[in-house]
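Structural features, examined
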Amino acid sequence: MRVIVIGPKGKMGKLITQVAAEREDLELTAGVGPKGRDYIGADLGTVAMVGRELGVPVTDDLESVIDNCDVIIDFSTKEMAMDVLEQAVAHGTALVCGTTGFTEEEIQKFKEAAEKIPMLYAANTSKMVNVMNKLLETVVSILKDDVDIEILEMHDQWKKDVPSGTSQEMGEIMAHATGKEIGDIAVYGREKGESPRVPGTIGYHSLRAGNIPSSHTVFFGGMGERLEITHHSYNWECFARGACDCAAYLADKPAGFYTIQDVLGFKKADS
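A brief structural summary. (Residues numbered from 1 in each chain as written. Predicted model: local features only at pLDDT ≥ 70, side-chain atom pairs only at ≥ 80, totals over all residues. Heavy atoms only, no water.)

1. Digging into the packing of helix α5 (residues 127-143) against helix α6 (residues 165-177)
Contact geometry for α5 and α6: axes closest at 8 Å, N-to-C directions at 30 degrees. Between α5 and α6, the interaxial angle falls into the category roughly parallel. Viewed along their axes, α5 and α6 form a crossing whose handedness is right-handed. Of the residues in α6, those touching α5 at Val 129, Met 132, Asn 133, Leu 136, Glu 137, Val 140 and Ser 141 are Thr 166, Glu 169, Met 170, Ile 173, Met 174 and Ala 177. (Axes fitted to C-alpha atoms, helices over the stretch in contact; angles between N-to-C directions. Helix = DSSP H or I, 4+ residues; strand = E, 2+ residues; numbered from the N terminus. Parallel < 35°, antiparallel > 145°, perpendicular 65-115°, else oblique. Left-handed = near helix turned anticlockwise from the far one by under 90°. Contact = heavy atoms within 4.5 Å.)

This is how it looks when you write it as structure tokens:
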């Protein structure tokens, strides 16, 4: 499986490159960075600090290298990701996208692209986070409106989107488990003064501090008891390994919209 990594100098692109370089089922063919970066033209192994040269370049022109790959892995910025999506569709190349912060209209473009290419979108590629998602779905399916649901997510000071894509996905999963849409029941933070809790809503709270990698806790508040389900990542390696698993999964797959649940072999809740 020949792979191009978008943004190989970034925190995720660098780790993805390092993990992919050690896998026998993935062959790195190029890295693609934003135009004007001083590392353009350098070896991908050097740019991503793999510890050795890989013999493949980092370029700022995806079109010049896209036909020499089977799948693109993109954890860059939402602006760059939309350009990558356009190129992937034009060249019929499979795409794994883990970038977050998209609008509903932009997400729809990824779903439309899936009519032409194998498209895997994942707000979070950690195996344990996605196991947690299954647990959340199970809890809500059983307890339904007997509990109040609050989500607390923590990330580093540089994260731009609020709330995180992972917590948004968690909310969507729990809302769908009760036949609702998250947009109709989400409450984002609470201001000073009176702010009584509305039954049936899901509360979001976002912390940004230091270099916290990623932390998500979902609180289920009942009468006389409370259930908490938490995931902490110590670094971003778990996401990089999951991203490479996603790329390998797309080998020989037809056009379609895939998710990390497909990669992990999870069954649908109603199956």
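There's plenty left to go through after this.
2. What about the pairing of strand β5 (residues 94-97)?
Both faces of β5 are covered, namely the face carrying Ala 94 and Val 96 and the face carrying Leu 95 and Cys 97. One crossover worth recording links strand β4 (residues 71-74) to the parallel β5 by way of helix α3 (residues 78-91), and it is right-handed. Summarising the sheet, β5 and strand β6 (residues 118-121) pair through three bridges and their orientation is parallel. Directly across from Val 96, in β6, lies its bridge partner Leu 120. In this view, the connection linking β5 to its parallel neighbour β6 by way of helix α4 (residues 104-113) has right-handed handedness. (Buried < 20%, exposed > 50% of the residue type's maximum accessible area, 1.4 Å probe, protein only. Right-handed = clockwise from strand over helix to strand, strands pointing away. Pairing = 2+ DSSP bridges.)

3. Overview of the sheet that holds strand β8 (residues 186-188)
One open sheet accounts for five strands, arranged β8-β9-β7-β10-β11; its pairing is mixed. Looking at which strands have only one partner, the edges of the open sheet turn out to be β8 and β11 (226-233). Between one strand axis and the next, the sheet turns through 15 degrees on average, direction left out of account. Bridge count between β8 and strand β9 (residues 202-208): three bridges; the pairing is parallel. For Tyr 188, the partnering residue across the bridge sits in β9 and is Tyr 204. Set on the sheet, α5 makes contact with β7 (148-155), β10 (214-221) and β11; between it and β11 the angle comes to about 165 degrees.

The values are spatial; any link to function lies outside them.
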